Amino acid sequence: MSKSRALIIYTGGTIGMVKDAASGALMPVNIELLLQHIPELNRIDAELCIEAFETTIDSSDITPAHWIRLVEIIEQNYDAFDGFVILHGSDTMAYTASALSFMLENLGKPVILTGAQLPIGVLRSDAKENFITALELALLKENGWSKINEVCIYFEYHLLRGNRTTKYSASNFNAFISPNYPALAEAGVNIQIHTNLLLPITKATPAFHKKLDENIAVLRLFPGITPQHVKAICGIPNLKALIIETYGSGNAPTASWFVEYLRQTIAGGALVVNVSQCLNGAVEQGKYKTSQQLLAIGVIGAGDMTLETTLCKLMFLLAHASMEDVSLLLAADISGERSHSEN
Ligand code: ASP
C-alpha cells in the first residue's frame, strides 16, 4: 500500500521566526531553517511535502490575496495529498481559517492550520507539539476516508473548527477559543476525536472559490461614539456591508441620529450586520428594546457567528451571490459556522 501524503504549506508566523540581531524583533525565516529544528518529522510514517509562500510573513500582513493563493495551492495539490497543514501566524489565523472554510467548498480532506506562541528555536516552544499533532490529524483516515473533512485550527492539545475560533490570548500557549462550539478533538495520551461534532463526510466534488469582495467595514460601538465617527464609516464609498459590533445580545444606542445613519446605509443598498462584542452567546435582535430599532430597519443578526467568520463569510458571499441571497445565506449555516438562526 502506498504511503499517506501530507502537504505542509508554510506562510510564516512565530513558529518559524528568529530574533533580528539589529532590532531584537521577531522576523520570519525560511522553511529549511524551520525544518532543521524538527528532526522528528522523519519518524512520521507518511510522505511529507512542502510548499512555502515566496515571502513568508507575519500574519498581521495577511490579505485576501494570500487566502486566494492558499486556495490555489490546495486546489493544485488536492488529489495528490491526503491532508494539508498550514503553518501560519496565530494573530490572524482565525480569519484565514474562516475564509478558507467558505472558499473550499465540499472539502473531503482535512486542512489544519497551526502555529506557535514561541518560535521553534526556543527551548520551551509549543511549535513541535502543535506541528506534529496537526500532521497526525491531517493524516487520520477511517475505512479509507479522511476522518476530518473541514478547515480546523490545532493549538495546544485542542482541535477547533476554524470558523468558530478567535484568538483570545497573546501570552498563553492556549491562544484560541471556540466560544460557541465545542472542541472537535483533544490530544492527550490518545487523540480523542468527537466524531459527532465533525462536519459530515461529503462525497460531492470540491469547489475551489477564488473571489472575495472587500467592500466591507466594521463599526465597533462604544459609549460616547460620535455622529461624525458613525457618519464617516457609513459614508465609505462602494460599501456593500457594514458589520456593527454591538453590546450583549445585539443591543445598540436608540439615538435617532444613530438609527438614521444605519437606515440610510441600508437604503443605499448595503447590508448592515449585527455581531455581538460578547464572544459567547448569540445576537437576538428584538429581545431588548435597544435592538428592536435595528430589527425594524432591516439590520441582519449574525447569530452566534464570530466577527472573523462574519467578515469572511460576507467577503465570500458578496463575491458570489445577489444581495438578496447574501442576506438569506448569512442567516443560514453553510459551513458549520453558526448554530442559531435568530434575527
Ligand atoms: N505576530 C505573529 C503572527 O501572527 C504571532 C504568531 O505567530 O503567533 O504572525
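Definitions and cut-offs
- Residues numbered from 1 in each chain as written.
- Predicted model: local features only at pLDDT ≥ 70, side-chain atom pairs only at ≥ 80, totals over all residues.
- Heavy atoms only, no water.
- Helix = DSSP H or I, 4+ residues; strand = E, 2+ residues; numbered from the N terminus.
- Rg over C-alpha atoms; globule rule 2.2 N^0.38 Å.
- Buried < 20%, exposed > 50% of the residue type's maximum accessible area, 1.4 Å probe, protein only.
- Areas by Shrake-Rupley, 256 points an atom, 1.4 Å probe, with all protein chains shown as cover.
- Lys, Arg positive; Asp, Glu negative; His and termini not counted.
- Charge placed at Lys NZ, Arg CZ, Asp CG, Glu CD.
- Salt bridge = Lys/Arg side-chain N within 4 Å of Asp/Glu carboxyl O.
- Pairing = 2+ DSSP bridges.
- Axes fitted to C-alpha atoms, helices over the stretch in contact; angles between N-to-C directions.
- Near = heavy atom within 4 Å.
- Polar contact = N/O pair within 3.5 Å; in protein donor to acceptor, adjacent residues only side chain to side chain.
- Nonpolar A, V, L, I, M, F, W, Y, C, P; charged D, E, K, R; others polar.
- Contact = heavy atoms within 4.5 Å.
- Phe/Tyr/Trp six-rings, centres within 6.5 Å; stacked < 30°, edge-to-face > 60°.
- Lys NZ or Arg CZ within 6 Å of the ring centre and 35° of its normal.

Draft legend 1. Spotlight on the overall build of the chain. Tallying secondary structure elements over the chain gives 9 helices and 20 strands in all. Since a compact globule built from 343 residues should have a radius of gyration of about 20 Å, the 21 Å found for the chain is in line with a globular shape. Dimensions of the chain, computed from the C-alpha atoms along their principal axes, are close to 65 × 50 × 35 Å. When burial is assessed residue by residue, the chain has 54% of its 343 residues classed as buried. Working note: accessible area of the chain is about 15100 Å², and carbon and sulfur atoms make up 52% of it. Mean positive and mean negative side-chain charge positions of the chain (24 and 34 charges, respectively) differ by 3 Å.

Draft legend 2. Up close: the pattern of salt bridges. Applying the stated rule across the entire model yields 14 salt bridges. As a salt-bridge pair, E260 and R263 come within 2.8 Å of each other at their nearest N and O atoms. Of this pair, E260 and R263 both sit in helix α6 (residues 256–267), 3 residues apart, roughly one helical turn. Of the residues examined, E260 reaches a relative accessible area of 30% and is grouped as partly exposed.

Draft legend 3. Structural detail: the pairing of strand β1 (residues 5–12). In terms of burial, β1 is largely enclosed, as 7 of its 8 residues are buried. In this structure, β1 lies alongside strand β4 (residues 47–57), joined through 7 bridges in parallel fashion. Bridging from a neighbouring strand, Y10 pairs with A52 of β4.

Draft legend 4. Representation of the sheet that holds strand β14 (residues 185–187). In spatial order, the strands read β4-β1-β5-β7-β10-β11-β14-β15; together these 8 strands make up an open sheet with mixed pairing. Each edge of the open sheet carries a strand with a single partner, namely β4 and β15 (191–193). Sheet twist, expressed as the average angle between the axes of neighbouring strands with direction ignored, equals 20°. By the bridge criterion, 4 bridges tie strand β10 (residues 151–155) to strand β11 (residues 158–161) in an arrangement that is antiparallel. Note on β11: the bridge partner recorded for I153 is L160.

Draft legend 5. Region of interest: the site of the ligand. If you check the shell around the ligand, you find G13, T14, D58, S59, G89, S90, D91, A116 and Q117 and nothing else. In this structure, T14 approaches the ligand through a main-chain N or O atom, which is 2.8 Å from an oxygen atom. D58 places a side-chain nitrogen or oxygen 2.9 Å from a nitrogen atom of the ligand. Isolated, the ligand exposes 270 Å² of accessible area, and the fraction of that covered by the protein chains is 91%. Residues belonging to the shell around the ligand are distributed by class as follows: 1 nonpolar, 6 polar and 2 charged.

Draft legend 6. Representation of the sheet that holds strand β18 (residues 241–246) within the structure. An order of β17-β18-β19-β20 is seen for the 4 strands of this open sheet, with the pairing classed as parallel. Since the sheet does not close on itself, it has two edges, and those belong to β17 (216–220) and β20 (300–301), each with one partner. Note: strand β19 (residues 271–276) against β20, 2 bridges, orientation parallel. Bridging from a neighbouring strand, N274 pairs with G301 of β20. Packed onto the sheet, helix α8 (residues 307–320) meets β17, β18 and β19 and runs at close to 170° relative to β18.

Draft legend 7. Quick peek at the packing of aromatic side chains. Evaluation of the coordinates by the stated rule reveals 7 aromatic pairs. Where Y78 meets F84, the ring centres are 6.3 Å apart and the plane angle is 10°; that geometry is what we call stacked. Ring plane angle 70° and centroid distance 6.4 Å describe the contact between W257 and Y261, whose orientation is recorded as edge-to-face. Taken together, the residues span about one helical turn, with W257 and Y261 both in helix α6 at a distance of 4 residues. By relative accessible area, W257 is classed as partly exposed at 30%. One aromatic cluster in this structure is built from Y78, F81, F84 and F208. The cationic tip of R5 hangs over the ring face of F81; the distance from NZ or CZ to the ring centre is 4.4 Å.

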